[in-house]
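Chain residues, written in single-letter form:
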Amino acid sequence: MIVTTTERIPGKEYEIIGEVFGLTTQSKNAFSDIGASLKSLVGGEVRAYTKMLEESREVAIERLKENAKAMGADAVVMMRFDSGSIMQEMQSVVAYGTAVKFK
């Protein structure tokens, strides 16, 4: 399945099927939270949370592809990410875009 952030796929004609989403909400364990709190005192990257967000994006894209496939799509155009916090220790990531079917 093609997933692109662009509006057009070169050389392909398609019809729009509709919006598709892939969502995940994740949290880290207490030890990671303690490490993040300590890291905030000295500054710098909190690698455990960076890894969690990278994994969240991968999960969100896979779920987006599953949603598009269930709709009969061949590709997703205009894919974007959005994220937000749920409480202090949870992060939600959504991948969204437009499902299309090749002509």
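Criteria and thresholds
- Residues numbered from 1 in each chain as written.
- Predicted model: local features only at pLDDT ≥ 70, side-chain atom pairs only at ≥ 80, totals over all residues.
- Heavy atoms only, no water.
- Phe/Tyr/Trp six-rings, centres within 6.5 Å; stacked < 30°, edge-to-face > 60°.
- Lys NZ or Arg CZ within 6 Å of the ring centre and 35° of its normal.
- Salt bridge = Lys/Arg side-chain N within 4 Å of Asp/Glu carboxyl O.
- Helix = DSSP H or I, 4+ residues; strand = E, 2+ residues; numbered from the N terminus.
- Buried < 20%, exposed > 50% of the residue type's maximum accessible area, 1.4 Å probe, protein only.
- Contact = heavy atoms within 4.5 Å.
- Expected span 1.5 Å × (residues − 1).
- Core = buried A, V, L, I, M, F, W, Y, C linked by side-chain atoms within 4.5 Å.

## Comments concerning the packing of aromatic side chains
Part 1 of the argument: Counted under the stated rule, the structure contains zero aromatic pairs.
Part 2 of the argument: Lying over the aromatic face of F102, K12 brings its terminal NZ or CZ to 4.9 Å of the ring centre.
Part 3 of the argument: The ring centre of F81 lies 4.2 Å from the NZ or CZ of R57, which sits over that ring.

## Quick word on the pattern of salt bridges
Pairs may arise between side chains of opposite charge once their charged atoms sit close together.
Part 1 of the argument: Overall, the coordinates contain three salt bridges when judged by the stated rule.
Part 2 of the argument: Two residues, K51 and E55, come together in a salt bridge whose shortest N-O distance is 3.8 Å. Of this pair, K51 and E55 both sit in helix α2 (residues 47-70), four residues apart, which is roughly one turn of that helix.
Part 3 of the argument: Residue K51 is classed as partly exposed on the basis of its relative accessible area of 49%.
Part 4 of the argument: One salt bridge in this structure joins D74 and K101, with 3.8 Å as the shortest N-O distance. A residue pair is termed long-range when its members are at least 10 positions apart, and D74 in the loop between α2 and β3 (75-86) and K101 in strand β4 (residues 90-102) qualify at 27 residues.
Part 5 of the argument: Since its relative accessible area comes to 26%, D74 is described here as partly exposed.
Part 6 of the argument: By relative accessible area, which is 33% here, K101 ends up partly exposed.

## Looking at the side chain of S92
Part 1 of the argument: With respect to the helices and strands, S92 occurs in strand β4.
Part 2 of the argument: The exposure class of S92 is buried, given its relative accessible area of 15%.
Part 3 of the argument: Excluding its chain neighbours within four sequence positions, the residues that come into contact with S92 are L23, T24, T25, D82, S83, G84 and I86.

## Examining α2
Part 1 of the argument: An ideal rise of 1.5 Å per residue puts 34 Å on 24 residues; α2 measures up with 35 Å between its terminal C-alpha atoms.
Part 2 of the argument: Of the residues making up α2, those classed as buried are Y49, M52, S56, A60, L64 and A68.
Part 3 of the argument: Downstream of α2 by one or two residues, G72 has phi in the positive range, about 85 degrees.

## A short note on the nonpolar core
Part 1 of the argument: With 10 residues, the main nonpolar core is built from V20, A60, L64, A68, A73, V76, M79, V93, A95 and A99.
Part 2 of the argument: Elements supplying a minimum of two residues to this core: α2, β3 and β4.
Part 3 of the argument: Beyond its immediate stretch of four places on either side in the chain, A60 contacts G22, T24, V93, V94 and A95.
Part 4 of the argument: Membership of the second largest hydrophobic core comes to five residues, among which are Y14, A75, V77 and V100.

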